[in-house]
Structure formats: structure tokens, C-alpha cells
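Observations on the model geometry
Now for the letters of each chain:
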Amino acid sequence: MARSEKDGAESAEEPRKSHTALIGAAIAAGLTCLATPVAGVLGAAAVFVLGALGVLLAPLIALILLFTGGGSSADPISSADDALAAAQGDGKGRLDRDQVPEALADTVEDAGATCTQIGPVVIAAQIEVASGWDPAKVGADGEQGIAQLPPTIFAQYGEDADDNGKTDPADEEDSIMAQARYVCALAREAQALLDNGQAIGEVLDLTLAAYAVGIDAVRKAGGVPATDEAQLYLAQVRSLFAKYEGLGGPPPSFPPTEQPSPDPTGD
């Protein structure tokens, strides 16, 4: 085979490998979510349902909806189709405010408007994956707060979002807005890679992969890296789009959010 033909064959093979790995990650995520409410199951099962694969998985998701009572439609097939569409979408749909803590709904919407590449659904899904909405969570590598940003990242992107006189990763609003600024910075870098022909794919997928494994890994791979860490993170986040667009069943309960300190004056 001539070198140019070989190179072309290898280029064609890479998307197939990535697609296969992506499907594997989605299946693995689905298996880990079997004991969770339907919103979580929907995600990992439906996440990267591309082309004909979506047709194959739609009946399975419809059965899940039918037997668990999830979804907002009386027709489980319609609900499954909607969930598949959401999982494959851009995450810019309207946020179902009932699916996020009431005190943080405005902040999540503001965060989703930070740049054009993302929306509040993306922000909410990332928070659930990161902390399960627990503002007291502390990560193994020193991550703090609801967005679980690494300390060096929060130091770079954190600001006093709620004007309380301090910038604190344990402060939900500071944490969420820092997350949004970081995601948008990654989105700009991902878009530059696409514009320069250094990567292929969708800007949101590249952004989420960069959030998980770093933009250098995305640049080196020329797209979404074919690693468990990158692709499983995409699966987890995209799996939750349906939930935060209002397709995932009743409102959940949340860990308590930080309450404002009492006014010492009593006013």
C-alpha cells in the first residue's frame, strides 16, 4: 500500500477506534448506574448514541422509563427519543430549575451564560458529576467545594461572585462561577484547535475532555483522547443533559447549601 493510502486508512481508522472506545465508556458508565434513579441510568446508556446506535438503544431506554416511571412523557418511546436527543445535544437547552438547589438556580443560569459554547445544563451536569451538589466535599487532591476545581485552577479563575468580601472555593457561587470561567477558557482553546485543523470533533466534546484530562491531551490526540478518563467523563456529563432539561423525573433532594451568616445587627 502506498504511504498516502496507508495514511488515509490510518486516519479513517482513528475515528472508528475513538467511536468504539466511546461506546465502551458509555456501556461501562451504564453498568455503574444500574442502581441509580432513571436520570442517571438514562445518561450513561444514552450518552454517545450516534447514528444507528441510537435506534438500537432507544427501545432499551424506553423500557427503563416505562418500568421506573421516569421522564415527562406518557409515551416511553417518545421520552427515550427526547433523552437521546438531549444526550447528543449541545447542553444549551433551558435549565429545569427544579433539578438544582433553589438557592443556586440563578447562579447556574448566570454561569451557563458566561460564553456561547456552553449553557446552564452543561454547568449543572458537571456539578453533579463533580460533587453531587455537596458544597462540603473535599477531593483527594485538595479540591474543595461544589465544583471541585483543583486549587491551582480555582486560584486562577476564582472571584468573589457573591460580593461577600472573600473568594472561597467552599462558597457555592464563587465555585460555580470559577467553574464557568474555566470551562469557557477551555472552550476557546478547543475552538482554536478546531479552527487550526489541530483537532476534529465538536467543541463541547473537546471542552469536556479538556476539563477531564487537560487541553494538551486533547491537542496531542487531535480530538477526544481515547482514554477511559476522558471518554467516561463525557459519558457522565452528557448522560445528565436530559435530567437538567426536565426529562429526568421528579426533583431530587440535595445536600444543604451554605446559609448566609446572621446579621449581627439583627436587621
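Summary of the structure given here.

1. Quick look at the nonpolar core
For soluble globular proteins, the rule of thumb is that nonpolar side chains tend to be buried together. Counting 54 residues, the largest nonpolar core has Ile-123, Trp-133, Leu-149, Ile-176, Phe-241 and Tyr-244 as the members making the most contacts within it. Looking at this core, the element that brings in the most residues is helix α8 (residues 172-195), giving 11 residues. Apart from residues no more than four positions distant in its own chain, Ile-123 is found in contact with Val-108, Ala-111, Gly-112, Ile-118, Ile-176, Gln-179 and Ala-180.

2. Observations regarding the state of the cysteines
Applying the stated criterion across every chain yields a total of 1 disulfide. Paired by a disulfide, Cys-115 and Cys-184 hold their sulfur atoms 2.0 Å apart. Since a negative S-S torsion denotes a left-handed disulfide, the Cys-115-Cys-184 link at about -85 degrees is left-handed. Of the two residues, Cys-115 is situated in the loop between α5 (105-112) and α6 (120-131) and Cys-184 in helix α8; the sequence distance between them amounts to 69 residues. Look at Cys-115 and you get buried, because its relative accessible area is 14%.

3. Quick notes on the packing of α5 against α8
Here α5 crosses α8 at 20 degrees, and the two axes come no closer than 9 Å. With respect to α8, the element α5 is oriented roughly parallel. In this structure, α5 meets α8 at a crossing whose hand is right-handed. Here Thr-107, Val-108, Asp-110 and Ala-111 of α5 come into contact with α8, specifically with Glu-173, Ile-176, Met-177 and Ala-180. Here the contact of α5 with α8 is built from residues that sort into 5 nonpolar, 1 polar and 2 charged.

Cut-offs and rules
Residues numbered from 1 in each chain as written. Predicted model: local features only at pLDDT ≥ 70, side-chain atom pairs only at ≥ 80, totals over all residues. Heavy atoms only, no water. Core = buried A, V, L, I, M, F, W, Y, C linked by side-chain atoms within 4.5 Å. Buried < 20%, exposed > 50% of the residue type's maximum accessible area, 1.4 Å probe, protein only. Helix = DSSP H or I, 4+ residues; strand = E, 2+ residues; numbered from the N terminus. Contact = heavy atoms within 4.5 Å. Disulfide = S-S within 2.5 Å. Axes fitted to C-alpha atoms, helices over the stretch in contact; angles between N-to-C directions. Parallel < 35°, antiparallel > 145°, perpendicular 65-115°, else oblique. Left-handed = near helix turned anticlockwise from the far one by under 90°. Nonpolar A, V, L, I, M, F, W, Y, C, P; charged D, E, K, R; others polar.

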